[in-house]
Amino acid sequence: MELFENFGTMAVVIALLVVAIIAFLANRYRKCPADKILVIYGSGSGKRSSNCVHGGGAFVWPVIQDYAYMSLTPIGIDANLTNALSRQNIRVDVPCRFTVGISTDPEYMAAAAERLLGQNAQQIQEMARDILFGQLRLVIATMSIEELNSDRDKFLEAITANVEVELKKIGLKLINVNVTDIKDESGYIEALGQEAAAKAINEAKVRVAEQEKVGEIGKAEAVRETRIRTAEANAQAVKGENEAKIEIANSEANRREREAEAQRKAVAAEKVAQAQALEEAYAAEQKAEVARADRERAAQAANVLVSQETEKKKTIIAAEAEAEKKRVNAKGEADAIYAKMEAEAKGLYEILTKQASGYDKMIQAAGGDATKAYTLLLLEKLPELVKTQVEAIKGINIDKVTVWDSGSGNADGKGGTAGFLAGLMKSVPPLSDLFDQAGMSLPEYLGRSKAEPQAPTQPAPDEE
């Protein structure tokens, strides 16, 4: 029984001891809020002097380690720099407000733990202000007044580049830079503002003059001559007025020598703008006339081109119509010729067919003897042959024939006149010659050729 009691007491003691250890360890675990950095320092931090934790938590060993928090809340620092010397040796006042804070980057946190741990916001602000003043003076010394006043982006980039390097050494990061109006003792910046205002006014006047110039260009052609004369008169008037103003300006030159440089530049800019406006007005009028001339030339060229295109199309249509007409006529003539030749061929075919049929019947009538049939055809054509023979001398025109006849006869007993007539008749080709030339022979009952010998006459037999 005592054994069980001792064992229960020991268990309770062990449980209490475990609970105490757990409570102790839980009490040494530190959590880090989102707006703070937990810095653990002491033995066991390794080569670094501290261990920085952001977000989450870490265990802090008792006795050998300790911890602290650094706030991440941004700090606003007013750096109203006065009498800073610019690159032009002009002193300026540059009011600035910087916003800085501890960064959660490991390098920044380590540097902040080494140099800002234990410092309050006021002390950190004073330390950062000294750095900002020094770097701000350094940046201003490298820039001119014009760059400081007009090119603010370059100014802010230069400040950021120089300040961030120095702030990083103490663990701070530049969040924002706000530069308000820059001022100088000599009034140079104010003069630059007046110059910019005068330049803007002059540019507005130039734009107004350009718009008026556009309106003048758009007027009717009828008043162009009047406008030119008016412009010339105005030019003469302006010239005289400018000369008068130059005289007045020369007389007041001594009084205006000490006026601001910006005012002098503004007046000069106004004069240049007026002269440029007049010059551009004349140039615009000249361009308008050139454009109008080009438009008229283009219109005339377009009219000529349209007329030529119309004539060309008419010619093409007429040529196509004429060609089509010729094709139709040619086709009609070809059809007519074909029909005529076909009719002639049919007629010739009929004639030859009839002739062949007649020749066949004629041969049949001659008892199948083609020579006899041929003789019958020749007898049918004999009158025409004789007529042709007579026609050979019919056309001889004998106006007068003179015959000297002595009355003596020739060997055959004929006189000269009879011989002449006989020779004349002999000039008519004999009928037998015509047959010979045709490759035929004259039938016996129509006569014989002279070359053919006469068959001997058989003596009649004696009657007994």
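Residue indices follow the written sequence of each chain, beginning from 1 at its first position. At least 70 in pLDDT is required for a residue's local features to be given in this predicted model, at least 80 for side-chain atom pairs to be given and counted, and no such filter applies to totals for whole chains, interfaces and linings, which use all residues. Excluded from the side-chain calculations are hydrogens and water; all other atoms, namely the structure's heavy atoms, are used.

Trainee: What's the story with the packing of aromatic side chains in this structure? I'm lost.
Mentor: Each pair of aromatic rings is reported with the distance of its centres and the angle of its planes. Classification of ring pairs rests on two measures: the distance between centres of Phe, Tyr or Trp rings, Trp counted by its six-membered ring, which must be within 6.5 Å, and the angle between planes, read as stacked under 30 degrees, edge-to-face over 60 and tilted in between. Per the counting criterion, the structure on display carries 1 aromatic pair. When the centroid spacing of 5.9 Å and the interplanar angle of 80 degrees are considered together, the rings of Tyr-67 and Tyr-69 count as edge-to-face. For Tyr-67, a relative accessible area of 24% puts it in the partly exposed group. The rule is simple: take the accessible area with a 1.4 Å probe, protein chains only, and divide by the maximum for that residue type; under 20% is buried, over 50% is exposed, in between is partly exposed. Residue Tyr-69 is classed as partly exposed on the basis of its relative accessible area of 34%.

Trainee: Teacher, can you tell me more about the packing of helix α3 (residues 121-141) against helix α5 (residues 152-168) here?
Mentor: Each pair of packed helices gets described by two things: the angle between the helix axes and the distance between those axes. In contact at an axis separation of 9 Å, α3 and α5 are set at 140 degrees when each is read in the N-to-C sense. Of the possible angle classes, the one that applies to α3 and α5 is oblique. For the pair α3 and α5, the sense of crossing is right-handed. The segment α3 lies against α5, with Ala-128, Ile-131, Leu-132, Gln-135, Leu-136, Leu-138, Val-139 and Ile-140 engaging Phe-155, Ala-158, Ile-159, Asn-162, Val-163, Glu-166 and Leu-167. Here the contact of α3 with α5 is built from residues that sort into 12 nonpolar, 2 polar and 1 charged. Axes, fitted as lines to C-alpha atoms, cover a helix only where it is in contact. Angles between the N-to-C directions of the axes lie from 0 to 180 degrees. Helix numbers and strand numbers start at the N terminus; a helix is a DSSP run of H or I with at least 4 residues, a strand a run of E with at least 2. Roughly parallel covers angles under 35 degrees, roughly antiparallel covers those over 145, roughly perpendicular covers 65 to 115, and oblique covers all other angles. A clockwise turn of the near helix away from the far one marks a right-handed crossing, whereas an anticlockwise turn of less than a right angle marks a left-handed crossing. We call two residues in contact whenever any of their non-hydrogen atoms come within 4.5 Å of each other. Three categories are distinguished: nonpolar for Ala, Val, Leu, Ile, Met, Phe, Trp, Tyr, Cys and Pro, charged for Asp, Glu, Lys and Arg, and polar for the others, with Gly belonging to the last.

Trainee: Would you explain helix α2 (residues 106-115) in this entry?
Mentor: At 3.6 residues per turn, the α-helix brings residues three or four places apart onto the same side. Here α2 has its buried residues at Tyr-108, Met-109, Ala-111, Ala-112 and Ala-113. Where α2 is buried, its residues meet β2 (36-42), β3 (50-53), β5 (65-71), β7 (91-102), α5 and β8 (172-179). Where α2 starts, the residue carrying a side-chain oxygen 3.1 Å from the main-chain nitrogen of Glu-107 turns out to be Asp-105. Contacts described as polar in this section are N or O atom pairs within 3.5 Å, which, within protein, must combine one atom able to donate a hydrogen with one able to accept it, while residues neighboring in sequence count only if both atoms come from side chains.

Trainee: Please clarify how the nonpolar core should be interpreted in this entry.
Mentor: Among the buried residues, those of types Ala, Val, Leu, Ile, Met, Phe, Trp, Tyr and Cys that are joined through side-chain atoms within 4.5 Å form a nonpolar core. Phe-98, Ile-140, Phe-155, Leu-167 and Leu-172 are the most contacted members of the largest nonpolar core, which has 41 residues in total. The set of elements that each furnish at least two residues to this core consists of β2, β6 (75-85), β7, α2, α3, α4 (145-150), α5 and β8. Top contributing element to this core by residue count: α3, with 7 residues. With residues near it in sequence (within four places) discarded, Ile-140 still touches Leu-81, Ala-84, Leu-85, Ser-86, Arg-87, Val-92, Val-94, Leu-148 and Phe-155. Residues Cys-32, Val-53, Ala-58 and Val-60 belong to the second largest nonpolar core, which totals 6 residues.

Trainee: Looking at this model, I keep getting lost on the side chain of Arg-129. Mind explaining?
Mentor: The residue Arg-129 is located in helix α3 in this model. Setting aside residues up to four positions removed in sequence, Arg-129 forms contacts with Ile-77 and Asp-78.

Trainee: Sorry if this is basic, but what is going on with the packing of helix α7 (residues 224-251) against helix α8 (residues 261-365) here?
Mentor: With their axes 13 Å apart at the nearest point, α7 and α8 run at an angle of 165 degrees to one another. With respect to each other, α7 and α8 are oriented roughly antiparallel. Crossing hand, α7 versus α8: left-handed. On the side of α7, the interface is formed by Arg-224, Arg-227, Ala-231, Ala-235, Val-238 and Lys-245, while α8 contributes Lys-271, Leu-278, Tyr-282, Glu-285 and Glu-289. Among the residues making up the contact of α7 with α8, the classes are represented as 5 nonpolar, no polar and 6 charged.

Note that all results are geometric; they support no functional claim without further evidence.
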